[in-house]
Amino acid sequence: MGPIRGMKRKRRQEKKAEKTAAAAAAAALPGELGQEPADWWDDFSKRITGALSTSKGFDSFESVFKISRKTFNYICSLVKEDLMSRPSNFTCTSGRPLSINDQVAVALRRLSSGDSLLTVGQSFGMNQSTVSQVTWRFVEAMEERGLHHLRWPNTKEMETIKSKFEKIRGLPNCCGAIDTTHIMMCLPSVDPSNTVWVDYEKHHSMVLQAIIDPEMRFRDIVTGWPGSLNDFLILQNSGFFKLCEKGMRLNGNKMELSEGSEVREYILGDSGYPLLPWLLTPFQGKDPTASKAEFNKRHLATRLVAQRALARLKQMWKIVQGEMWRPDKHRLPRIILVCCILHNIIIDMEDEVRDQLPLSHQHDSGYRQQYCSFSDKNAHASREKLSQYLFGGLPP
Amino acid sequence: MACPATTVDSAPTWLDRLRTSKGFPPHHAGLDLDHFLLLPNPDSNTSPPLPRPADPPLRPPQQLQRHREAAAGPGGEGKKWFDIMSSALAELFHMGDTRQLRAARALKKKTCRKQPNPQICVVSAPASNSGSCPAGERGASGGGGGLQALSPPSAENSTAGAKKWPEDRTKARRKRAHCRSAADSSDTLTYSRTEVTVIDTSSPSWKSQKIIFRKGLVWKVRDRKAWNVCRKKRKLGVAKRLASEKEQEELPLAGKKEALGKEHLTSSNEGTVPKIISQASCQRLLSFLSLSSLQAGDSISCPTSASKNTMLDIVAPSLYELLYLAACFLQKEEGKGLWSYAVSPKY
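Reading the values: rules and limits
Residues numbered from 1 in each chain as written. Chains lettered and ligands numbered in written order. Predicted model: local features only at pLDDT ≥ 70, side-chain atom pairs only at ≥ 80, totals over all residues. Heavy atoms only, no water. Helix = DSSP H or I, 4+ residues; strand = E, 2+ residues; numbered from the N terminus. Buried < 20%, exposed > 50% of the residue type's maximum accessible area, 1.4 Å probe, protein only. Contact = heavy atoms within 4.5 Å. Areas by Shrake-Rupley, 256 points an atom, 1.4 Å probe, with all protein chains shown as cover. Phe/Tyr/Trp six-rings, centres within 6.5 Å; stacked < 30°, edge-to-face > 60°. Lys NZ or Arg CZ within 6 Å of the ring centre and 35° of its normal. Core = buried A, V, L, I, M, F, W, Y, C linked by side-chain atoms within 4.5 Å. Domains from an automatic or database assignment. Axes fitted to C-alpha atoms, helices over the stretch in contact; angles between N-to-C directions. Parallel < 35°, antiparallel > 145°, perpendicular 65-115°, else oblique. Left-handed = near helix turned anticlockwise from the far one by under 90°. Buried area = accessible area lost by both parts, 1.4 Å probe. Salt bridge = Lys/Arg side-chain N within 4 Å of Asp/Glu carboxyl O. Polar contact = N/O pair within 3.5 Å; in protein donor to acceptor, adjacent residues only side chain to side chain. Nonpolar A, V, L, I, M, F, W, Y, C, P; charged D, E, K, R; others polar. Pairing = 2+ DSSP bridges. Disulfide = S-S within 2.5 Å. Arc of directions from axis to C-beta. Expected span 1.5 Å × (residues − 1).

**Regarding the overall build of chain A**
At step 1: Scanning chain A for helices and strands turns up 15 helices and 8 strands.
At step 2: Taking all 396 residues of chain A together, 53% fall into the buried category.
At step 3: Relative to all contacts within chain A whose residues are 6 or more apart in sequence, the contacts with residues 24 or more apart total 71%.
At step 4: About 18300 Å² of surface is accessible on chain A, with carbon and sulfur atoms providing 50% of the total.

**Thoughts on the side chain of Thr130 of chain A**
At step 1: Locating Thr130 of chain A in the fold gives a position in helix 8 (residues 128-145).
At step 2: Among all residues touching Thr130 of chain A, those that are not within four sequence positions of it are Phe90, Thr91 and Leu98 of chain A.

**Structural notes on the packing of aromatic side chains**
Note on aromatic pairs: each is described by the distance of the centres and the angle between the planes.
All names here are of chain A.
At step 1: Enumeration over the complete set of coordinates arrives at 18 aromatic pairs over all chains.
At step 2: Between the aromatic rings of Trp40 and Trp41, the centroid separation amounts to 6.2 Å while the plane-to-plane angle is 45°, which identifies the pairing as tilted. Each member of the pair, Trp40 together with Trp41, is buried.
At step 3: Ring plane angle 85° and centroid distance 5.7 Å describe the contact between Tyr200 and Tyr367, whose orientation is recorded as edge-to-face. A residue pair is termed long-range when its members are at least 10 positions apart, and Tyr200 in the loop between strand 1 (174-186) and strand 2 (204-212) and Tyr367 in the loop between helix 14 (353-356) and helix 15 (377-392) qualify at 167 residues.
At step 4: Assessed through its relative accessible area of 29%, Tyr200 is described here as partly exposed.
At step 5: Residue classification places Tyr367 among the buried positions, given a relative accessible area of 12%.
At step 6: Each residue in the set Trp40, Trp41, Phe44, Phe61, Phe65, Phe72 and Phe124 is aromatic and connected to the rest through ring pairs, giving one cluster.
At step 7: Over the aromatic face of Phe61 sits the side chain of Arg69, whose NZ or CZ is 4.9 Å from the ring centroid.
At step 8: Here the basic side chain of Arg383 rests over the ring of Phe283, its NZ or CZ set 4.1 Å away from the ring centre.

**Topic: the nonpolar core**
At step 1: Judged by nonpolar contacts, the single largest core of 118 residues is most densely connected at Phe65, Val104, Leu108, Phe138, Met142 and Trp278 of chain A.
At step 2: Per-domain counts for this core show at least three residues from each of domain 1 (11-148) and domain 2 (152-390) of chain A.

**Considerations on the packing of helix 9 (residues 155-169) of chain A against helix 12 (residues 290-316) of chain A**
Residue and element names in this part refer to chain A.
At step 1: Between helix 9 and helix 12, the least distance of the axes is 9 Å, while the angle of their chain directions is 130°. For the element pair helix 9 / helix 12, the angle class is oblique. Between helix 9 and helix 12 lies a crossing of right-handed hand. The segment helix 9 lies against helix 12, with Phe165, Ile168 and Arg169 engaging Arg298, Ala301, Thr302 and Val305.

**As for the interface of chain B and chain A**
By a frequent convention, interface size equals the accessible area lost on bringing the separate parts together.
At step 1: Taken together, the contact pairs 32 residues of chain B with 42 residues of chain A.
At step 2: Both sides of the chain B and chain A interface together cover about 3200 Å² of buried area, and 56% of this is carbon and sulfur.
At step 3: Linking chain B with chain A are 1 salt bridge.
At step 4: A salt bridge links Lys207 of chain B to Glu143 of chain A; the shortest N-O distance between them is 3.4 Å.
At step 5: Our enumeration of links across chain B and chain A arrives at 8 residue pairs in polar contact (both at pLDDT 80 or more).
At step 6: When residues of the side of chain B that touches chain A are traced back to their parent elements, those giving at least two are strand 1 (192-200), strand 2 (207-215), strand 3 (218-223), helix 12 (239-264) and helix 14 (319-332) of chain B.
At step 7: Per-element tally for the side of chain B that touches chain A: the top contributor is strand 1 of chain B, with 7 residues.
At step 8: Tallied by class, residues from the side of chain B that touches chain A come to 11 nonpolar, 10 polar and 11 charged.
At step 9: Alignment of strand 3 (residues 218-226) of chain A against strand 1 of chain B, held across 2 bridges, turns out to be antiparallel. Looking at the pairing, Val222 of chain A lines up with Asp200 of chain B of strand 1 of chain B.

**Here we look at the pattern of salt bridges**
Residues and elements named next belong to chain A.
At step 1: As enumerated under the stated definition, the model contains 22 salt bridges over all chains in all.
At step 2: The closest approach of N and O atoms between Arg151 and Glu157, which form a salt bridge, is 3.3 Å.
At step 3: By relative accessible area, which is 24% here, Glu157 ends up partly exposed.
At step 4: Across the pair Arg298 and Glu294 runs a salt bridge whose closest N-O atoms are separated by 2.8 Å.

**Focus: the state of the cysteines**
At step 1: All chains considered together, the criterion is met by 0 disulfides over all chains.
At step 2: No disulfide involves Cys174 of chain A; its sulfur sits 6.5 Å from the nearest other cysteine sulfur, which is in Cys175 of chain A.

**Digging into helix 2 (residues 14-22) of chain B**
All names here are of chain B.
At step 1: For helix 2, the complete set of buried residues consists of Leu15, Asp16 and Arg19. All buried residues of helix 2 fall inside an arc of 100° around its axis, so they share one side. Residues of helix 2 that are exposed and angled more than 90 degrees away from the buried face: Arg17, Thr20 and Ser21.
At step 2: Of the residues flanking the end of helix 2, it is Gly23, one or two places downstream, whose phi is positive at about 90°.

**Considering the pairing of strand 2 of chain A**
Residue and element names in this part refer to chain A.
At step 1: The element strand 2 is extensively covered by neighbouring structure, given that 9 of its 9 residues are classed as buried.
At step 2: With burial as the criterion, each face of strand 2 is covered, one bearing His204, Met206, Leu208, Ala210 and Ile212 and the other bearing Ser205, Val207, Gln209 and Ile211.
At step 3: Taken together, the 9 bridges between strand 1 and strand 2 define a ladder with antiparallel strand orientation. Of the residues in strand 2, the one forming a bridge with Ile178 is Ile211.
At step 4: Where strand 2 lies against strand 3, 6 bridges are found, and the strand directions are antiparallel.

**A word on the pairing of strand 1 of chain A**
In regular strands, side chains alternate between the two faces of the sheet.
Residue and element names in this part refer to chain A.
At step 1: Most of strand 1 sits inside the fold, with 12 of its 13 residues counted as buried.
At step 2: Bridging between strand 1 and strand 6 (residues 266-268) involves 3 bridges; their strand directions are parallel. Bridging from a neighbouring strand, Cys174 pairs with Tyr266 of strand 6.

**Quick word on the environment of Val218 of chain B**
At step 1: Inspection of the secondary structure assignment puts Val218 of chain B in strand 3.
At step 2: Along the chain, Val218 of chain B and Tyr191 of chain B lie 27 residues apart, while their C-alpha atoms are 9.0 Å from each other.

**Some points on helix 9 of chain A**
Residues and elements named next belong to chain A.
At step 1: The first and last C-alpha atoms of helix 9 sit 22 Å apart over 15 residues, in line with the 21 Å expected at 1.5 Å per residue.
At step 2: For helix 9, the complete set of buried residues consists of Met158, Ile161, Lys162 and Phe165. Buried residues along helix 9 cover an arc of 100° about the axis, so they all sit on one side. Among the exposed residues of helix 9, those pointing more than 90 degrees away from its buried face are Lys156 and Lys167.
At step 3: Positive backbone phi, approximately 80°, marks Gly170, located one or two places after helix 9.

**Regarding the packing of helix 7 (residues 117-124) of chain A against helix 8 of chain A**
The description of two packed helices rests on the angle between their axes and on the distance between the axes.
Residue and element names in this part refer to chain A.
At step 1: Between helix 7 and helix 8, the shortest axis-to-axis distance is 8 Å and the interhelical angle comes to 100°. One way to sum up the angle between helix 7 and helix 8 is to call them roughly perpendicular. Along the contact surface, helix 7 presents Leu117, Leu118, Val120 and Gly121, while helix 8 presents Gln128, Val131 and Ser132.
At step 2: Split into classes, the residues belonging to the contact of helix 7 with helix 8 amount to 4 nonpolar, 3 polar and no charged.

**Details of the environment of Ser365 of chain A**
At step 1: Note on placement: Ser365 of chain A falls in the loop between helix 14 and helix 15.
At step 2: In this structure, the C-alpha to C-alpha distance between Ser365 of chain A and His182 of chain A, residues 183 residues apart in sequence, is 9.6 Å.

**Thoughts on unusual backbone geometry**
Residue and element names in this part refer to chain A.
At step 1: Phi is positive for Lys66, close to 60°, though the residue is something other than glycine.
At step 2: Looking at where Lys66 falls in the secondary structure, it is placed in the loop between helix 4 (61-65) and helix 5 (69-85).
At step 3: Although it is not a glycine, Leu250 sits at a positive phi angle of roughly 55°.
At step 4: Along the chain, Leu250 falls in the loop between helix 11 (239-245) and strand 4 (255-258).
At step 5: On the accessibility criterion, Leu250 (4% relative accessible area) is buried.

Next comes the structure, spelled out in structure tokens:
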């Protein structure tokens, strides 16, 4: 069937009309970015209905969004251009068009509370499909605009990171801590194609591997792999592994421990990871020597930042904490990425809200510790050297 | 469809002409098909026709077959004629149950012209003009000379071949792509296939789509986007350049990975994967890898210890993993000659 005559013109006219309507709506909005932010919140908070409005303590901005107004405004400024570039006719159930602030608020609430689309929609007086679309547009905009908040540190930043790690428990030249967590999903077990998502604890999950700095900032993430892949395989398939093997990462200055003895840059990982020259894991086996036990103690205390960061991520952005109901497995990694970016933005903005959250290191409850027997000979030697250095200094 | 013999009237029709050309009496002579089938010597045109049944319906094939057997029984000549006739009739007429015919046609269609278990085709002579697939591939990618070898020797085709060179080339490429996809699908047929979107902030393209093939402990990871890019690049003629660049990049790395691999071979992260491998095996493996210029993404096919017919494929996403997996496999296959193993190119 051929195209209907005049369809292109008609479509063009429709698009033009949409654009004009969107521009008019944006101009008529009372809570636009140009105005006082307090006005927007005053107006928006009145629109909150249902359980959220009646709950005790939900009268302040921070209690609803778990971030400060300063951070919120920054996030709005990041995504404003992207959200404005595409004309949309998102409205409340009352027919009122959604402003940029409204859209960001809805998306942040969806990501931070982990509530269903229906619950979020009811709270803000909008359709659940609107919540879904607004959240997804926000995710798309954030991953493009906010990715600079999640990147590997430069040489100068790395020096700061090293010194901060050393301050924790004296581990010299340490550049990060690596850990893995599982984002649980609720998938139908009868579908044989879902078996690949079943992890070693028999849950359907997606894996998130992250390298964390001492301020609990995500510096490198890999996500999207199914739960049946173990930590080593995910690490092997990551860009970070390839760069390290090529000598293009963790290739900075070596630190001299004693005369003729030095240690290269490395990251810390738990026993589920292989022992590599650039990835140090704790000593395994029963009854370790005093120096090995000391090393393990310091090792654990230092890499606790990784566990805490992952725990905080799930605590703050509850969409990745619970068991997601049949999520789109192609969209979920992007949602995880945006949650990590938002986590980093809170740290970069020095948001005071983060101090109010309790520190926990339980991010993967119900998952037992995995053990990897793989080890590198050179790595053995450098770990031994480091443990001797930490225990009482290396022999001359 | 009704039998055409019944529709023919007095005017000479194509059937009559056919009969005449083959030396049979025309339809007007009062001879019908059954007469020919039942008659031991069809040349005896003078013989009177056999008594016909009152109302001859279309006979079922089984009955017809019995008649044929009866007719063919007495002598070799009759059998010969019967064979000729039956084949001619089978081509010309529709006799018997339509359902059976459909079933037969469907069966004919479904039979695959390809081998169920294709063997790896090794071409010894590079300039061979044989019509084998690899030679054809080389011809298509190489240029006009190779292409000529592919085309039939008829003059019509050779002139057309010069004109339609790009079209033929496209066709050959399509055919090659089809071959590759068929091989790919047959290779990964028994694997469970999962498409995933992977975010890796250390990769240049931090968002990529991968296809995971899994069968037990064997994993195959393919980059979905890279394949498309590869096709585009091949079209633009930069694939070769990129491949050579990649080789150059991997060459200095090989030495380092070799050293790493030696260490890695001694242990593993999986409980089921063998942990110990002999030094001799390592050496054999390393020499094998270097001599056969194995690349990342290649697959090693070799008979398993259980049965020589069962093939085990290992496809490695990276050189390191290839080394590691191959080492694990070699340990299982300790004592077997590595040189007999076939290496299929990356697809």
